[in-house]
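Reading the structure
Given next are the chains, with one letter for each unit.
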Amino acid sequence: MYKSIILIFGLIIAINAQNIATKDDGSVKLIWFGASWWPECQQFSGIIDQVLAKKEFNDIVDWTWYPVPDGSGITPYDCSNCNGTDCSKEVCQVDHIEACTVHVLCPYNQTSCDKANQMAQSKFVGCMEWDHQKDPGASHASDCANKAGISFADYDKIHECANSPVSAEVMDFIAKQ
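I will try to describe carefully the structure that is included in this document. (Residues numbered from 1 in each chain as written. Predicted model: local features only at pLDDT ≥ 70, side-chain atom pairs only at ≥ 80, totals over all residues. Heavy atoms only, no water.)

**Looking at the pairing of strand S3 (residues 61–67)**
Among the 7 residues in S3, 7 count as buried, and that is most of the element. Side chains Val61, Trp63, Trp65 and Pro67 of S3 all project onto a buried face; the interleaved residues Asp62, Thr64 and Tyr66 project onto the opposite face, where all are buried too. (Buried < 20%, exposed > 50% of the residue type's maximum accessible area, 1.4 Å probe, protein only. Helix = DSSP H or I, 4+ residues; strand = E, 2+ residues; numbered from the N terminus.)

**Section: the state of the cysteines**
For the coordinates displayed, the defined rule picks out 3 disulfides. One disulfide bridge connects Cys100 with Cys161, the sulfur atoms lying 2.1 Å from each other. Classification of the bridge connecting Cys100 and Cys161 rests on its S-S torsion, roughly -70°, and on that basis the disulfide is left-handed. Note that Cys100 is positioned in helix H4 (residues 89–105) and Cys161 in helix H7 (residues 152–162), a separation of 61 residues in sequence. Each member of the pair, Cys100 together with Cys161, is buried. Covalent S-S linkage joins Cys127 and Cys144, the inter-sulfur distance amounting to 2.1 Å. The chirality of the disulfide connecting Cys127 with Cys144 is left-handed, given an S-S dihedral of about -70°. (Disulfide = S-S within 2.5 Å.)

**Digging into the nonpolar core**
In this structure, Ile97, Leu105, Phe124, Met128, Ala141, Ile150 and Ile158 are the most contacted members of the largest nonpolar core, which totals 20 residues. Contributions of two or more residues to this core are made by H4, helix H5 (115–131), helix H6 (141–148) and H7. With 5 residues, the single largest contributor to this core is H4. Non-local contacts of Leu105, meaning those with residues more than four positions away in its chain, are made with Cys113, Asn117, Ala120, Gln121, Ile150 and Asp154. Val61, Trp63, Trp65 and Val102 belong to the second largest nonpolar core, which has 12 residues in total. (Core = buried A, V, L, I, M, F, W, Y, C linked by side-chain atoms within 4.5 Å. Contact = heavy atoms within 4.5 Å.)

**Observations regarding H7**
Where H7 is concerned, the buried positions are Asp154, Tyr155, Ile158, Cys161 and Ala162. Around the axis of H7, the buried residues are gathered within 125° of arc, so they sit on the same side. Away from its buried face by more than 90 degrees, H7 exposes Phe152 and Glu160. The inward-facing, buried residues of H7 contact H4, H6 and helix H8 (165–175). (Arc of directions from axis to C-beta.)

**Concerning helix H2 (residues 39–52)**
Given a rise of 1.5 Å per residue, 14 residues ought to cover 20 Å, and the 20 Å separating the end C-alpha atoms of H2 matches this to within 8%. Counting buried residues along H2, 10 of its 14 residues qualify, which places the element largely inside the surrounding structure. Those residues of H2 lying buried are Cys41, Gln42, Phe44, Ser45, Gly46, Ile47, Ile48, Asp49, Val51 and Leu52. (Expected span 1.5 Å × (residues − 1).)

**Quick notes on the packing of H2 against H5**
Put simply, H2 and H5 touch, their axes get as near as 8 Å, and they point 145° apart. Where H2 crosses over H5, the handedness of that crossing is left-handed. Contact residues: H2 offers Gln42, Gln43, Ser45, Gly46, Ile48, Asp49 and Leu52, while H5 offers Gln118, Met119, Ser122, Lys123, Val125, Gly126, Glu129 and Trp130. The class makeup of the residues in the contact of H2 with H5 is 5 nonpolar, 7 polar and 3 charged. (Axes fitted to C-alpha atoms, helices over the stretch in contact; angles between N-to-C directions. Left-handed = near helix turned anticlockwise from the far one by under 90°. Nonpolar A, V, L, I, M, F, W, Y, C, P; charged D, E, K, R; others polar.)

**Regarding the environment of Ala168**
When you line up the elements, Ala168 lands in helix H8. Taking C-alpha positions, Ala168 is 9.6 Å from Asp95, a pair spaced 73 residues apart along the chain.

**Quick look at the side chain of Asp154**
Inspection of the secondary structure puts Asp154 in helix H7. For Asp154, the contacting residues outside a window of four places in its chain are Val104 and Leu105.

**Considering the packing of aromatic side chains**
Applying the stated criterion across every chain yields a total of 6 aromatic pairs. Their ring planes at 10° and their centres at 5.8 Å tell us that Trp63 and Trp65 sit as a pair that is stacked. Just as Trp63 is buried, Trp65 falls in that class too. One aromatic cluster is present, formed by Phe33, Tyr66, Tyr108 and Phe173 through successive ring pairs. (Phe/Tyr/Trp six-rings, centres within 6.5 Å; stacked < 30°, edge-to-face > 60°.)

By themselves, these observations are geometric and do not establish any function.
Okay, here's the thing in structure tokens:
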């Protein structure tokens, strides 16, 4: 069992070596800029979900997730402007939901994320990006939130954020990182 956990964690390190740092307390700081349209990011979302599902890893990893906007440059990230050529409406909507998931569960203005929220966030991205890579879309958000153990109250906040100007503000912040 430990060999497979080490192998999975090794894959994370190999994929994101430039974004990992060991902190003074022995924990690991992992920063991930994930783009839902990249197959490598979809694969990584399935890996981070499995790794952080292990309490012993979730306890020592301080994970910051930046769900990268679709890269179209269309601001303020209005999905109605997506025509399928410059950007995908489905990917744009997923970007809004993922940005709001971070905003609600693990806000960027905190020094670290609550470990239960970090695990829920990893399960959510694993579901949205890995489980549904063949048919991406915002329609999976409720099921993925349920699978991740995100409370109804937090999901309501995520949904409210994703359908408000706040999501564009969060995406703009991410784009500037």
